[in-house]
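Observations on chain architecture
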Amino acid sequence: MYGYISGFSDTDDIHYCPYCGEGYLTCHADGTATCDECGKRFGVIECDEED
């Protein structure tokens, strides 16, 4: 399932890779991180709960 989410990503909220679970990440200035194990680059967007 795919969708569009808009928001801000902050590396303070990223503690592990959502793909492989690795905790060693390289954080970038744009709010994303790259997993040192699997190489995936991702960001974390916090969403409000649905009504």
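Attention in this report is confined to the structure presented alongside it. (Residues numbered from 1 in each chain as written. Predicted model: local features only at pLDDT ≥ 70, side-chain atom pairs only at ≥ 80, totals over all residues. Heavy atoms only, no water.)

As for the packing of aromatic side chains
- Throughout the structure, instances matching the rule amount to 1 aromatic pair.
- Ring centres of Y19 and F42 lie 6.3 Å apart, and the angle between their planes is 65 degrees; on these two criteria the pair is classed as edge-to-face. Of the two residues, Y19 sits in the segment before strand 1 (25-27) while F42 sits in strand 3 (residues 41-43), which places them 23 residues apart along the sequence.
- Judged by its relative accessible area of 53%, Y19 is exposed.
- Using a relative accessible area of 7% as the deciding quantity, one classes F42 as buried.
- The residue whose ring lies beneath K40 is Y19, and the NZ or CZ to ring-centre distance is 5.1 Å. (Phe/Tyr/Trp six-rings, centres within 6.5 Å; stacked < 30°, edge-to-face > 60°. Helix = DSSP H or I, 4+ residues; strand = E, 2+ residues; numbered from the N terminus. Buried < 20%, exposed > 50% of the residue type's maximum accessible area, 1.4 Å probe, protein only. Lys NZ or Arg CZ within 6 Å of the ring centre and 35° of its normal.)

With respect to the environment of G3
- Inspection of the secondary structure assignment puts G3 in the segment before strand 1.
- Distance from G3 to I14, taken between C-alpha atoms, is 21 Å for residues 11 residues apart in sequence.

Some remarks on the nonpolar core
- Core analysis: the biggest nonpolar cluster contains 6 residues, these being I14, C17, L25, A33, C35 and F42.
- Leave out the neighbours within four places in its chain, and I14 touches S9, L25, G31, T32, A33, F42, G43 and V44. (Core = buried A, V, L, I, M, F, W, Y, C linked by side-chain atoms within 4.5 Å. Contact = heavy atoms within 4.5 Å.)

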